[in-house]
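A look at the structure
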Amino acid sequence: MAVIVKGKNPRKPYTVRYQHQGRQRERSFTTQREAKDYLADFERQSRLNLFVDPRNGSAQFTEYAERWIDGLDRAPGTRESYRSTLAKHIAPAVAGRTLAQVSQDREAVEAILAGMRDAGLSATLRGRVVSIISGAMDAAVAAGRLPGHRIGGIKVRREVSHQATIIPATKDQLEALASGLGDSLGLTVWIMAGTGLRVSECLAVRLDGFRGSGKTLRVHEQVSRQGGYGPLKGRRPGEYRDVPVPAWLWAKVQDHGADGYLFPGATYSVYRHRFASAAAGAGLPDGFAVHQLRHLYASKLLTSGIPITDVSKWLGHRDINVTHQIYSHLVPESWDRAREVLDHITD
């Protein structure tokens with residue numbers, strides 16, 4: 001039941017009174033037409049069980065987004081990066097605005113992204129802004145605080161990944177590199193070269209991650225830059241990928257003799273520093289950073305004819321286009337094979 005009555009506010013004299021969830025509510029308007037439109041919309045949405053009280057969207061957006069982040073099922077480091085992004089890049093632009101106001105102001109969100117782009121901030125960071133705002137809005141709709149929002153579908157153009165520059169390394173150089181890292185960390189060289197793991201993933205490898213008599217490695221966590229272990233890059237806790245393990249690598253793992261985590265206590269920053277020193281001692285070029293072991297893995301597979309779809313999956317790329325952008329130059333023979341086949345298309 002809803003009615004229009006004369007209110008006491010001379011600036012908004014037309015008041016709609018209605019019952020919602022067992023309580024009497026009211027909202028005032030400047031003109032009778034606005035009041036009638038609101039009344040009609042309330043009655044229509046009530047019949048369809050779609051009505052959401054506008055007061056539910058009166059919470060401050062920043063405060064609501066903070067609570068939403070706190071409740072996310074993500075690693076502590078991910079939640080912390082979300083809080084930092086909210087504080088630095090979102091909160092200043094929506095200061096004092098409510099959920100309801102931000103939910104309908106798509107242009108304001110696009111302006112935030114445009115300003116970040118013009119400032120040279122990365123597509124990854126801009127994408128995180130979209131994830132935070134749209135995620136909080138989706139949660140508000142699911143909780144009945146908003147009837148909907150206009151933030152969905154905003155896209156962030158990603159930078160094109162550059163082709164990898166492959167720096168060759170001989171077996172002797174790799175052995176010298178592993179020796180330079182010492183008995184505790186030398187195995188990391190062979191794990192990254194033999195499975196394509198990122199350094200953060202390699203440092204979190206456990207012995208029980210090897211499955212099927214050592215033929216498969218299940219990768220499900222990585223060393224966090226803040227310390228400790230967390231889910232894989234861009235993945236939720238518990239998500240994993242399986243990669244094939246060469247027999248020679250499984251033999252080295254068994255000889256390593258560790259139980260549980262193979263490299264307990266190893267940190268991302270300290271490892272990279274030690275790697276740079278060991279690479280120089282092994283006579284490798286200055287550009288031979290730790291990521292070159294991952295490039296070595298991908299280049300060996302692709303130049304040997306392993307499908308790029310499989311290599312992409314084992315590398316942990318969410319989008320195969322990324323793999324193509326980085327490594328497609330390693331399979332140029334596919335153009336020649338295509339021409340040979342098409343030469344006979346009319347046979």
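Structure: above.
This write-up is about the structure you can find in this document. (Residues numbered from 1 in each chain as written. Predicted model: local features only at pLDDT ≥ 70, side-chain atom pairs only at ≥ 80, totals over all residues. Heavy atoms only, no water.)

**A word on the overall build of the chain**
We apply this condition: Strands are runs of DSSP state E lasting at least two residues, helices are runs of H or I lasting at least four, and both sets are numbered from the N terminus onward. For this measure, only C-alpha atoms enter the radius of gyration; the expected value for a globule follows 2.2 Å times N^0.38, where N is the number of residues. Residue exposure (1.4 Å probe, protein chains only): buried if accessible area is under 20% of the type maximum, exposed if over 50%, otherwise partly exposed. Contacts were defined at the residue level, with two residues in contact if any of their heavy atoms lie within 4.5 Å.
Looking only at helices and strands, one finds 15 helices and eight strands in the chain. Relative to the 2.2 N^0.38 estimate, which gives 20 Å for 347 residues, the radius of gyration of the chain is 28 Å and therefore markedly larger than a compact globule would have. Within the chain, the proportion of its 347 residues that are buried is 41%. A separation threshold of at least 6 residues defines the contact pool for the chain, and within that pool the share at least 24 residues apart is 61%.

**Some points on the packing of helix 5 (residues 106-118) against helix 6 (residues 123-142)**
We count it as follows: Simply put, an axis is a line fit to the C-alpha atoms, just over the touching stretch for a helix, and the angle between two N-to-C directions goes from 0 to 180 degrees. Should an angle fall under 35 degrees it is taken as roughly parallel, and over 145 as roughly antiparallel, whereas 65 to 115 is taken as roughly perpendicular and any remaining angle as oblique. A clockwise turn of the near helix away from the far one marks a right-handed crossing, whereas an anticlockwise turn of less than a right angle marks a left-handed crossing.
At their nearest, the axes of helix 5 and helix 6 sit 10 Å apart, and the two run at 165 degrees to each other. Put simply, helix 5 runs roughly antiparallel to helix 6. Crossing geometry of helix 5 relative to helix 6 is assigned as right-handed. Judged by residue contacts, V109, I112, L113, M116 and R117 of helix 5 engage L125, R126, V129, V130 and I133 from helix 6.

**Describing unusual backbone geometry**
A positive phi angle is found at S213, which is not glycine, with a value near 60 degrees. Note that S213 resides in the loop between strand 4 (210-211) and strand 5 (216-219). Look at S213 and you get exposed, because its relative accessible area is 65%.

**Focus on the nonpolar core**
What counts, and what does not: In this description, a nonpolar core means a group of buried Ala, Val, Leu, Ile, Met, Phe, Trp, Tyr and Cys residues linked to one another through side-chain atoms lying within 4.5 Å.
If you look at the biggest cluster of nonpolar residues, it comprises 56 residues, and the most contacted ones within it are L177, L262, Y271 and F275. Take this core: its biggest share by element is six residues, from helix 8 (residues 187-195). Residues contacting F275, with those up to four places away along its chain left out, are L177, L181, F288, A289, V290 and L293. If you look at the next biggest cluster of nonpolar residues, it comprises 30 residues, including Y64, I90, V109 and A136.

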